[in-house]
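# Commentary on secondary and tertiary structure
Residue-level listing of the chains:
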Amino acid sequence: QYDLQRILHVSEMRGFPGMIGSIDCMHWEWKNCPTAWEGQFTRGDKGTTTFILEAVASHDLWIWHAFFGCPGTLNDINVLDRSPVFDDVEQGNTPRVKFFVNQRPYDMAYYLADGIYPSYPTFVKSIRLPQSEPDKLFAKYQEGYRKDIELSLIHISEPTRHAQMS
């Protein structure tokens, strides 16, 4: 509860009240993948066997959700379908939040996500091709703050970049 309140407070100060983190997936190379599994762990665009880490990170690069090990042939949506990230939501145990955006009340926490994620109320994505100045400003901040997760994933992968997974 304390961590959640800290995340919500900082998110509100950054202009995103109700945001509890950014969500994304990352492929990790699996050099010692068993030959029998190579088909399900090799995606054409990666050219090697990988497995996927789904994570949610806060503004300070703290990863508070991680779901690890899905086959590399999957994408963010397939991983999301298998992930426990929404188990609490499905069970009615969502964090209690109350905030207003444009004088409209909201009571559901949300994640910043990139464009591949589905249009769920729990995902706030950027505006594709923003035209107005307010839309351009929102897209700039959303995309900038969404980078929290990418920085977190890069940060944790650096020490293991050359390590072999067995």
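Relevant structure appears above.
Residues numbered from 1 in each chain as written. Predicted model: local features only at pLDDT ≥ 70, side-chain atom pairs only at ≥ 80, totals over all residues. Heavy atoms only, no water.

## Remarks on the overall build of the protein
The helix and strand tally for the protein stands at 5 helices and 7 strands. Along the chain direction, N to C, the helices and strands of the protein fall in the order α-β-α-β-β-α-α-β-β-β-β-α. With the C-alpha coordinates of the protein rotated into their principal frame, the extents come out at 55 × 35 × 30 Å. Looking at the 166 residues of the protein, the share that counts as buried comes to 37%. In the protein, once contacts between residues fewer than 6 apart in sequence are set aside, the share between residues at least 24 apart is 57%. A total of about 10,100 Å² of accessible surface is found on the protein, and carbon and sulfur atoms cover 53% of it. Taken together, the 16 basic and 21 acidic charged side chains of the protein have centroids lying 4 Å from each other. (Helix = DSSP H or I, 4+ residues; strand = E, 2+ residues; numbered from the N terminus. Buried < 20%, exposed > 50% of the residue type's maximum accessible area, 1.4 Å probe, protein only. Contact = heavy atoms within 4.5 Å. Areas by Shrake-Rupley, 256 points an atom, 1.4 Å probe, with all protein chains shown as cover. Lys, Arg positive; Asp, Glu negative; His and termini not counted. Charge placed at Lys NZ, Arg CZ, Asp CG, Glu CD.)

## Some words on helix H1 (residues 2-13)
End to end, H1 covers 17 Å across 12 residues, agreeing with the expected 16 Å (1.5 Å per residue, within 8%). Within the sequence span of H1, burial applies to Leu4, Ile7, Leu8 and Ser11. Projected onto a plane normal to the axis of H1, the buried residues spread over an arc of 95° and lie on a single side. Facing away from the buried side of H1 by more than 90 degrees, the exposed set consists of Tyr2 and Met13. In this fold, the buried residues of H1 make contact with strand S1 (19-29) and strand S3 (63-71). Just beyond H1, the residue with positive phi is Gly15, at close to 95°. (Expected span 1.5 Å × (residues − 1). Arc of directions from axis to C-beta.)

## Considering the side chain of His65
Mapped onto the secondary structure, His65 falls in strand S3. In terms of polar contacts, His65 uses its side chain to reach the side chain of Glu54, at 2.8 Å. Discounting chain neighbours no more than four positions away, the residues touching His65 are Glu54, Ala55, Val56, Ser83, Pro84 and Val85. (Polar contact = N/O pair within 3.5 Å; in protein donor to acceptor, adjacent residues only side chain to side chain.)

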